[in-house]
Amino acid sequence: NQRGEWCLRTKPAFGEKEVARALKGRAGGPSHLGWAGVGIGVWRGSRGGSVDIDVNGALEALDIDPVMGPKMMTVNGTTRWLQEIETGRKWDKRDSADQKVLAYKAARANVDMRGSMVEYQKQAAARAEDEDRRGAEQKVNALRRELNDILAIGGSERSAKEARCRMELTRPPVLWKRVTREQVLAGHAKRAPGLIYGLEFPFNEDLLAEFGAEWLTKAFHAAGTLELSNRVRAVMLETEIKIYAGNNAGKFLFEVVYEKPNPKLHTKLFAKVPFQMTKETQSDRVSSSVMKQPMDLHEINTYRLMEASFPMQTPKYYFGDISCETSNFILITARIPYADIGANGFTNTLQPFEVEGPYDKCKDSLQLRSPPKEYYMLLVKTSAKIAGFDKAGKMLSPEMMKATMQAPPDGSDPANFGCKDGNSGQFPPDVLKGHLQNCITFVAETARPLFPDFVAEESFQEKFINTMMTWSAYSAELQYYLHSDPAYVGLGHSNLNSDNAYFWRGDQGELDCGIIDWGGFASGSLGHKMWWCFNCSDFDQFRSFLDEYVDAFVATYVEYGGPQVDKETFKTHVLLTTLGNCMFMVLAVPDCFRMCARKEWDSITSRQDPRVANNVNGKSTLRTTLHVLNNCIRVLEEMGSDEALKTWIKEVWVCRWGKTPKSQAAIFGAVPHA
């Protein structure tokens, strides 16, 4: 009008707001009506294009075809036309008032349809998921029949393992839901179905006896390790031989009788279960079930999914399951036929293929039947074979590995490791210095006879504190460095010490081994894994032969499918890892007094003293802490891990990454360490 207000020329159609006298301006009209924008308001819907229509107070964008009119959404995401247009006059033949009514009808229908589409898409996704599940079940059932046929005709153990692993790899990945300390404390005695097979399962010796042969039959059938027409008739717990090795779980032995005996079915079996929640083992149970979760699931998955892929032996898998409701688990494998299990001392002479041991942690000099180098060279090569197979794609697919096994953060982004220019350590400098000083007091005074003479020297103590505080300040950046080049990252055992392998000699006297205790089996820094083969070994042989071990690892890694890596870089990775392990042991010093009272230490003068040499409460934790701490200290003083750290800061942090060295204040706190 003459006052410059846009006015409706006709009575508003459905969905059009009464806006006369409300809007001003000569350049254009209200967009939700589709005005032409010049002169008197004109409906432009007949021209096609996009028009905004008010539906229940919200604007709905409507796409209009010049001939067929508004486009209507369908529940499956396609479009259609109004029935009035398809069967009657076309859009461009209708007057303005008729167009407005049809436009609003279409807009309102589209709003309603959008809500229906959300529900339709949910239903479609559910149907697709159900179809995928049924398809997977059909594949699993077909593979289960194939596996059962192999078992029924007495096929080779290798073919049975391969068929069983194919079946398991066809199943959807088992997803872990993290548990809290409170859940573990409240649920440790509860029974619950397993994540993998859906069966309730026993998680200690007494419960296995209670569940009995019927449960074992169901379990072995579910896992595909027992032919369906066979069953377990009887279960007998081993009462004479008890197993106390290891610090992360309880273990026991038992024997079964099958209805149809078969030489390929083991009757003597081994079970791994969580520590019971006793005064002596509660902290270990919480550590394993909470701090290290889902370590136990990863061990079960290692046997369940990869038993047929390994380049060496591992005990035959029979069953394994775990509950993320209670954190309880059970793993059942074939028992290793150790020649000297349950005996006092070792048999003098073994026949070919008789299994040595069992060996205990941190006791190489007392147990190994030949020089340690032979054993550790074999372990190094075995570790390299696994990593090489992983790189060659012979273990798990990347997708299955990510879904079922632990993987480090993406090494392409430093932020994934918490890198920063300031101190990236776990503790503030003043707190860390207190931990380090406690450790110095322990090794230089409390347990002085158990450590080298140099620990009492002021120069070493200063170097120790400076090095460990510097390592801590760069700890996140060092982890990023160790994982930044994929060639140096691979699948491997988390601590392939001599007690986590079993050894025998062939008919020509050659040493061979199998591997056990797969908890924590994952992809990670290969230099880290190398050190964790040796941290419980005797130091002197590690120092003497490290270069040969590195050469052997690199050559075997390449031979079995891995890329070429630089030997000096790999060795640096090993030495840098020792500092992280050292910090682990520094923080474990207070636990030494819980396992051996303070008053006892004054009279302990040797590592062979039973109070520190023997297992405490069935665990080797005290002996391991002392042994590994000693090794890490000696690597620092005698092999130069402190110099390896300084070189890394200069050559990598400064020269390669272009960073400024972290300040004294960042490393040592407001008052720099002298």
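Here, every reference points to the structure presented above.
Starting from 1, residues in each chain are numbered consecutively following that chain's sequence as written. In view of the model being predicted, local features appear only for residues whose pLDDT reaches at least 70, and side-chain atom pairs are presented and counted only at 80 or more, with totals across whole chains, interfaces and linings using the full set of residues. Hydrogens and water are ignored here; the side-chain numbers use all heavy atoms of the structure.

So, on to the sheet that holds strand 4 (residues 79-81). We call two strands paired when DSSP finds no fewer than two bridges between them. Strands here mean DSSP runs of E at least two residues long; helices mean DSSP runs of H or I at least four residues long; both are numbered from the N terminus. Taken together, four strands build an open sheet; the order of strands is 1-2-3-4 and the sheet is antiparallel. Edge positions in the sheet fall to strand 1 (49-55) and strand 4, since each has one partner strand and no second. Geometrically, the sheet is characterised by an average inter-axis angle of 45 degrees between neighbouring strands, direction not taken into account. The pairing of strand 1 with strand 2 (residues 58-65) spans seven bridges and is antiparallel. Here an angle of 0 to 180 degrees is reported between the N-to-C directions of two axes, which are lines fitted to C-alpha atoms, with helices fitted over the stretch in contact.

A word on the pairing of strand 8 (residues 317-322). Two faces make up the sheet, and in a regular strand the side chains alternate between them. Partly exposed residues are those whose accessible area sits between 20% and 50% of the maximum for their type, while under 20% is buried and over 50% is exposed, using a 1.4 Å probe and protein chains only. Most of strand 8 is tucked away: six of the six residues are buried. Relative to strand 9 (residues 329-334), strand 8 is paired through five bridges, and the arrangement is antiparallel. Bridge pairing in strand 9 places I322 opposite F329. Hairpin connection of strand 8 to strand 9: six residues between the antiparallel strands, including S327 at a positive phi of 75 degrees.

Further remarks concern the state of the cysteines. Here, two cysteine sulfur atoms that lie within 2.5 Å of each other are counted as a disulfide. Counting across every chain of the model gives zero disulfides. Unpaired in terms of disulfides, C165 finds its nearest cysteine sulfur in C513, a separation of 19 Å. Left unpaired, C419 is separated from the closest cysteine sulfur, that of C655, by 18 Å. Since its relative accessible area comes to 23%, C419 is described here as partly exposed.

Looking now at the packing of helix 13 (residues 475-483) against helix 20 (residues 641-656). Where helix 13 contacts helix 20, the two axes come as close as 12 Å, and the packing angle between them is 75 degrees. Between helix 13 and helix 20, the crossing angle belongs to the class labelled roughly perpendicular. Where helix 13 abuts helix 20, its residues E477, L478 and Y481 lie against L645, W648, V652, W653 and R656. Here the residues of the contact of helix 13 with helix 20 are counted per class, giving six nonpolar, no polar and two charged. Any angle from 65 to 115 degrees is called roughly perpendicular, while one under 35 is roughly parallel, one over 145 is roughly antiparallel, and all others are oblique. Residues are treated as being in contact if the distance between any of their heavy atoms lies within 4.5 Å. Asp, Glu, Lys and Arg are counted as charged, while Ala, Val, Leu, Ile, Met, Phe, Trp, Tyr, Cys and Pro are counted as nonpolar; the rest, among them Gly, fall into the polar class.

Turning our eyes to something else, we now look at the packing of aromatic side chains. Any two aromatic rings considered together are summarised by their centre-to-centre distance and by the angle between their planes. Any pair of Phe, Tyr and Trp rings, taking the six-membered ring for Trp, is counted once the centres come within 6.5 Å. Such a pair is stacked with planes under 30 degrees apart, edge-to-face with planes over 60 apart, and tilted for the rest. All told, the structure shown has 35 aromatic pairs when counted by the stated rule. On the numbers, 5.8 Å between centres and 90 degrees between planes, the contact of W648 with W657 is edge-to-face. Look at W648 and you get buried, because its relative accessible area is 2%. Taking the relative accessible area as the measure of exposure, W657 reaches 26% and is therefore partly exposed. Each residue in the set F417, Y474, Y480, Y481, W648, W653 and W657 is aromatic and connected to the rest through ring pairs, giving one cluster. Here, a charge over a ring means that NZ of Lys or CZ of Arg falls within 6 Å of the ring centre while also lying within 35 degrees of the ring normal. Of note, K662 hangs over the ring of Y474, and the distance from its end group to the ring centre comes to 4.9 Å.

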